[in-house]
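What follows is the residue order along each chain.
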Amino acid sequence: MTEKVPLHYSLSRNAFGRLMFIGANGEVREGVVPVRAFPITAPSRGISLVDTDGHELAWIEVLSDLPDEARRHVETDLANREFMPEIKRIEAVSSFATPSTWRVETDRGSTSFVLKGEEYIRRLTPIALLITDSQNINFLIRDRTALDHHSRKVLDRFL
């Protein structure tokens, strides 16, 4: 277990539930937003806390190094800000020509979406893919080699 890094700032919530940054000098900034530098390849590393004007207030090297309360605040805001379901299984596609309707099982339950074209499937790494549907919702496939045989076969037809 790594030792928690002492912070030169603190994080709390205001009466409206917005994240507040309190600097070492006592300066308070409301509406602070955590932003991941590498949301897919390193989601728990490299997180910037930015103010409402986009100026960086603090850099978090590793999320788990934060004190528990500060880490929970950051994780809550990241979860609310980012919506990227992870595809666990492709159940069916309406056609191998696009546009096509995909029925998938995600980490958030079953859903369906319309894929407008093959160009909306992007390789992030050799094994990770990002699929953008017709509503501009991004679906992540973290490791396509870990998918079941049927899902891999469907994907191969589009790649």
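Residues numbered from 1 in each chain as written. Predicted model: local features only at pLDDT ≥ 70, side-chain atom pairs only at ≥ 80, totals over all residues. Heavy atoms only, no water.

*Asks:* Mind showing me how you'd approach the packing of aromatic side chains here?
*Replies:* Here a ring pair, both rings aromatic, is described through the centre-centre distance and the interplanar angle of the planes. Within this structure, the stated rule accounts for five aromatic pairs. Ring geometry for Y9 versus F21: centroids 4.9 Å apart, planes at 25°, classification stacked. Linking Y9 in strand β1 (residues 9–13) with F21 in strand β2 (residues 19–23), this pair joins segments that are twelve residues apart in sequence. Considered together, Y9 and F21 belong to a single accessibility category, that of buried residues. Where W102 meets F158, the ring centres are 5.0 Å apart and the plane angle is 50°; that geometry is what we call tilted. (Phe/Tyr/Trp six-rings, centres within 6.5 Å; stacked < 30°, edge-to-face > 60°. Helix = DSSP H or I, 4+ residues; strand = E, 2+ residues; numbered from the N terminus. Buried < 20%, exposed > 50% of the residue type's maximum accessible area, 1.4 Å probe, protein only.)

*Asks:* So what exactly am I meant to see when it comes to the nonpolar core here?
*Replies:* I87, I90, W102, F113, I131 and L155 are the most contacted members of the largest nonpolar core, which has 16 residues in total. I131 has contacts with I87, W102, F113, L115, Y120, I121, I137, N138, F139, I141 and L155, leaving out every residue within four places of it along the chain. Y9, F21, I60 and L66 belong to the second-largest nonpolar core, a separate cluster that totals 14 residues. (Core = buried A, V, L, I, M, F, W, Y, C linked by side-chain atoms within 4.5 Å. Contact = heavy atoms within 4.5 Å.)

*Asks:* Would you take a moment to explain the UniProt feature "domain: DUF1854" (unreviewed entry) in the protein chain for this structure?
*Replies:* If you check UniProt for "domain: DUF1854" (unreviewed entry), the listed places come out as residues 30–158 in our numbering. Along residues 30–158 the backbone is 19% helical and 39% strand, and the end-to-end C-alpha distance reaches 45 Å. (UniProt positions renumbered as here; feature names shortened; annotations may be inferred.)

*Asks:* Would you mind showing me how to read the sheet that holds strand β5 (residues 45–50) here?
*Replies:* Remark on secondary structure: sheet strands pair via backbone hydrogen bonds, oriented parallel or antiparallel. Within the open sheet, the three strands sit side by side as β4-β5-β6. Their pairing is antiparallel. Looking at the sheet topology across the chains shown, the edges are occupied by β4 (33–36) and β6 (56–62). On average, adjacent strands in this sheet sit at an angle of 25° to one another, irrespective of strand direction. As paired strands, β5 and β6 are joined by five bridges and run antiparallel to one another. Considered in β6, the bridge of L49 is made with A58. Set on the sheet, helix α1 (residues 68–81) makes contact with β4, β5 and β6; between it and β4 the angle comes to about 70°. (Pairing = 2+ DSSP bridges. Axes fitted to C-alpha atoms, helices over the stretch in contact; angles between N-to-C directions.)

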